[in-house]
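What follows is the residue order along each chain.
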Amino acid sequence: MFDYILNVSGYVLEGSLVTFQLYLVTAIFSVILGVLGALGKISKIPLLESILSFYTWVFRGTPLLLQLFFAYYGLPVLGITLEPFPAAALTFIVNYGAYFTEIFRGGIESIGDGQYEAAKVLGMNYRQTMSRIIIPQTVKRVLPATSNEAINLVKDSALVAVIGLGDLLRAAKVAVTRDFSIIPFIIAAVFYLIISSVIVTVFRKLEEKYSVYE
Amino acid sequence: MIKAKNINKSFGELEVLRDVSFDVQQGEVISIIGPSGSGKSTLLRSLIGLEEINSGKLFIEGISVKKSGKKAYEKMGMVFQGFNLFPHKTVMGNLIEAPIVVKGETKGEAKKRAEELLNKVGLTDKKDSYPAQLSGGQKQRVAIARALAMEPDIMLFDEPTSSLDPELVGEVLTVIRGLADENITMMIVTHEMGFAKDVSDRVFFMDHGKIISDTVPEKIFVNPESERIQNFLTKILSQN
């Protein structure tokens, strides 16, 4: 029995490598996309604002699973064929980027005018003001919402199993079918819980770190 | 030093500054008093480019504000009613930020002058504190030091003590008095009449977007000519 659990754990762990890769790529690029999207949304350039509003409306308003199907099964119809991993990564980045755009925009807009005025009378330009004064303060304010998204992403990553990507969940599913045992699912659940707990801990540490100044 | 000629500013329908003209010489200390809504803050904010004037001419050290873009503001510092310190930076961080980022000073240079300034405002022991850990009076003194760190020729104060508890007003006024003795040109919007009387070379009395009196403090406080000023002073003094 113990050997079996160890054996299946190893198998599921292999699958979770794909989950980790997807998680990492999505986390990095969707945050970058979110920052750029948020800066665009507050830029007061009407066309850019409209485009970004359309973007967040579409990607927050439709199921992630639909978007995943669209990228993997839909795009080939248009002559664009993606391998499962790039299709999944692209979908997740664009989807999470939409959420981060709105979260970061809200964070930036919550910083009072006084901070911009103080920076301006000290001679700072827009770029300096944003990068040194506004965004660092925004980080603290968006941490709780970002933490939620970070945990959602762990769970959402399991959706890629449906386009045949061999992730953590799919590895468990294969083992369940092969061995006719429920244990692989339990192991998968434990894995997800461990990953989520690590992320929660990381964000709690970050929040502690940023709490020094207020 | 500062020359304003027929400046006008409106927010939509509301005319906040109406044909305001004045001159300020090097080293002069000007207090601006008057009822709320008379345009005092808007006047200061226009000088440093936080508000754009609709018409008129404004020269800072001979440079036209409109044409120069940023240049004319470089020699001015401003202190706000609400302090506007950077909450994510320590007191030292607040002081060295602009000298390093805007002027390109080294951290060493910036820190050295920051230490001197903190000594001047009496807050050397608070250099590693965050703004949230300071009292209102201490915050405002840090804000003054932060503005001075850019070595301005002109300092603008927009009601620097209005959001302070009464017992903290004195420490801030003492610092500003000290600057007046150093010959820095200053324009101060204030409701502290005693302070305005002592510290100022001239007092502007503003009402409805106009400077209706521009004279030495004795004349305004001891012997006000207009009934409008008399009424204002009686009202203010009866509150204190």
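Calculation rules
Residues numbered from 1 in each chain as written. Chains lettered and ligands numbered in written order. Predicted model: local features only at pLDDT ≥ 70, side-chain atom pairs only at ≥ 80, totals over all residues. Heavy atoms only, no water. Salt bridge = Lys/Arg side-chain N within 4 Å of Asp/Glu carboxyl O. Helix = DSSP H or I, 4+ residues; strand = E, 2+ residues; numbered from the N terminus. Buried < 20%, exposed > 50% of the residue type's maximum accessible area, 1.4 Å probe, protein only. Phe/Tyr/Trp six-rings, centres within 6.5 Å; stacked < 30°, edge-to-face > 60°. UniProt positions renumbered as here; feature names shortened; annotations may be inferred. Contact = heavy atoms within 4.5 Å. Pairing = 2+ DSSP bridges. Axes fitted to C-alpha atoms, helices over the stretch in contact; angles between N-to-C directions. Core = buried A, V, L, I, M, F, W, Y, C linked by side-chain atoms within 4.5 Å. Right-handed = clockwise from strand over helix to strand, strands pointing away. Buried area = accessible area lost by both parts, 1.4 Å probe. Polar contact = N/O pair within 3.5 Å; in protein donor to acceptor, adjacent residues only side chain to side chain. Nonpolar A, V, L, I, M, F, W, Y, C, P; charged D, E, K, R; others polar.

Here we look at the pattern of salt bridges
Right, so step 1: Within the structure shown, the criterion is met by 20 salt bridges over all chains.
Right, so step 2: Residue Glu109 of chain A is joined to Arg105 of chain A by a salt bridge in which the shortest nitrogen-to-oxygen separation is 2.7 Å. On the criterion of helical spacing, the pair formed by Glu109 of chain A and Arg105 of chain A is a turn pair, its members being four residues apart in helix 4 (residues 84-109).
Right, so step 3: A residue is classified by how much of its surface remains accessible, and Glu109 of chain A, at 48% relative accessible area, is partly exposed.
Right, so step 4: Note on Arg105 of chain A: relative accessible area 23%, which makes it partly exposed.
Right, so step 5: A salt bridge links Glu116 of chain B to Lys112 of chain B; the shortest N-O distance between them is 4.0 Å.

Here we look at the packing of aromatic side chains
Residues and elements named next belong to chain A.
Right, so step 1: Within the structure shown, the criterion is met by 11 aromatic pairs over all chains.
Right, so step 2: Between Phe69 and Tyr73 the ring centres are 5.5 Å apart and the planes differ by 55°, which places this aromatic pair in the tilted class. One end of the pair is Phe69 and the other is Tyr73, both in helix 3 (residues 64-74) and four residues apart, which spans about a single turn.
Right, so step 3: Between the aromatic rings of Phe92 and Tyr96, the centroid separation amounts to 6.4 Å while the plane-to-plane angle is 5°, which identifies the pairing as stacked. Of this pair, Phe92 and Tyr96 both sit in helix 4, four residues apart, roughly one helical turn.

With respect to the UniProt feature "domain: ABC transmembrane type-1" (unreviewed entry) in chain A
Right, so step 1: Mapped onto the present numbering, the UniProt feature "domain: ABC transmembrane type-1" (unreviewed entry) falls on residues 16-204 of chain A.
Right, so step 2: The span residues 16-204 of chain A shows a helical share of 81% and a strand share of 0%, and its end C-alpha atoms are spaced 24 Å apart.

Focus on the side chain of Ser213 of chain B
Residue and element names in this part refer to chain B.
Right, so step 1: Along the chain, Ser213 turns up in strand 10 (residues 210-215).
Right, so step 2: On the basis of relative accessible area, Ser213 is assigned to the buried category, the value being 9%.
Right, so step 3: If we skip the residues at most four places from it in the chain, Ser213 touches Val203, Phe204, Phe205, Ile220 and Ile229.

Section: the sheet that holds strand 2 (residues 14-24) of chain B
Residues and elements named next belong to chain B.
Right, so step 1: The strand order across the open sheet formed by four strands is 2-1-4-5, and the pairing between neighbours is antiparallel. Strand pairing shows two members of the sheet lacking a second neighbour, strand 2 and strand 5 (63-64), which therefore form its edges.
Right, so step 2: Taken strand by strand, helix 1 (residues 40-47) contacts strand 1 (2-11), strand 2 and strand 4 (55-60), and its axis lies near 65° from that of strand 2.

Some words on the side chain of Arg113 of chain B
Residue and element names in this part refer to chain B.
Right, so step 1: Relative to the assigned elements, Arg113 resides in helix 4 (residues 107-120).
Right, so step 2: Using a relative accessible area of 17% as the deciding quantity, one classes Arg113 as buried.
Right, so step 3: Those residues in contact with Arg113, other than ones at most four positions away along the chain, are Pro99, Glu105, Ala149 and Glu151.

Structural notes on the nonpolar core
Residues and elements named next belong to chain B.
Right, so step 1: Grouped together as the largest cluster of nonpolar side chains are 80 residues, with contacts concentrated most on Phe22, Ile32, Leu47, Leu156 and Met187.
Right, so step 2: Here Leu156 is in contact with Leu44, Leu47, Ile48, Met76, Gly77, Met78, Val79 and Met187, once residues within four sequence places are set aside.
Right, so step 3: Counting 38 residues, the second-largest nonpolar core is a separate cluster that includes Leu85, Leu118, Leu134 and Leu173.

Structural notes on the pairing of strand 8 (residues 185-189) of chain B
Residues and elements named next belong to chain B.
Right, so step 1: Counting buried residues along strand 8, five of its five residues qualify, which places the element largely inside the surrounding structure.
Right, so step 2: Side chains of strand 8 alternate between two faces, with Thr185, Met187 and Val189 and Met186 and Ile188 buried alike.
Right, so step 3: Where strand 3 (residues 29-33) lies against strand 8, four bridges are found, and the strand directions are parallel. By the bridge assignment, Val29 is partnered in strand 8 with Met186.
Right, so step 4: Where strand 7 (residues 154-158) lies against strand 8, five bridges are found, and the strand directions are parallel. Across the sheet, Met155 pairs through a bridge with Met186, a residue of strand 8.
Right, so step 5: Handedness of the β-α-β unit built from strand 7, helix 6 (residues 166-181) and strand 8 comes out right-handed.

Notes on the UniProt feature "transmembrane region" (unreviewed entry) in chain A
Residue and element names in this part refer to chain A.
Right, so step 1: UniProt records the feature "transmembrane region" (unreviewed entry) for residues 20-40, 52-75 and 182-203 in the present numbering.
Right, so step 2: Segment residues 20-40 splits into 100% helix and 0% strand. End C-alpha atoms: 30 Å apart.
Right, so step 3: Secondary structure across residues 52-75 comprises 88% helix and 0% strand; the distance between its end C-alpha atoms is 22 Å.

Comments concerning the interface of chain B and chain A
Right, so step 1: Between chain B and chain A, the residue contacts involve 23 residues of the former and 19 residues of the latter.
Right, so step 2: Of the roughly 1,900 Å² buried where chain B meets chain A, counting both sides, 64% is carbon and sulfur surface.
Right, so step 3: When the area that chain B buries against chain A is broken down by residue, the three leading residues are Phe86, Pro87 and His88 of chain B, summing to 28%.
Right, so step 4: Linking chain B with chain A are two salt bridges, by the criterion used here.
Right, so step 5: The partner of Glu117 of chain A in a salt bridge is Arg45 of chain B, with the nearest N and O atoms 2.7 Å apart.
Right, so step 6: At the junction of chain B and chain A, the tally comes to eight residue pairs in polar contact (both at pLDDT 80 or more).
Right, so step 7: Per element, the largest residue contribution to the side of chain B that touches chain A is three residues, and it comes from helix 3 (residues 91-101) of chain B.
Right, so step 8: Across the side of chain B that touches chain A, the residue classes tally to 15 nonpolar, three polar and five charged.

Side note on the pairing of strand 3 of chain B
Residues and elements named next belong to chain B.
Right, so step 1: Of all five residues that make up strand 3, five are buried, and the element is covered over most of its length.
Right, so step 2: Residues Val29, Ser31 and Ile33 point to one face of strand 3 and Ile30 and Ile32 to the other, with burial holding for every one of them.
Right, so step 3: Alignment of strand 3 against strand 9 (residues 202-207), held across four bridges, turns out to be parallel. Bridge pairing links Ile32 to Phe204 in strand 9.

Focus on the sheet that holds strand 9 of chain B
Residues and elements named next belong to chain B.
Right, so step 1: Spatially, the six strands line up as an open sheet ordered 6-7-8-3-9-10, and their pairing is mixed. At either margin of the open sheet sits one strand with a lone partner, and together these are strand 6 (76-79) and strand 10. The mean angle between the axes of side-by-side strands here comes to 15°, regardless of whether they run parallel or antiparallel.
Right, so step 2: Pairing analysis gives four bridges linking strand 6 to strand 7, with the strands arranged parallel. Within the sheet, the bridge partner assigned to Val79 lies in strand 7 and is Phe157.
Right, so step 3: Strand contacts of helix 6: strand 3, strand 7 and strand 8, with the helix running at about 150° to strand 8, the strand carrying the most contacts.

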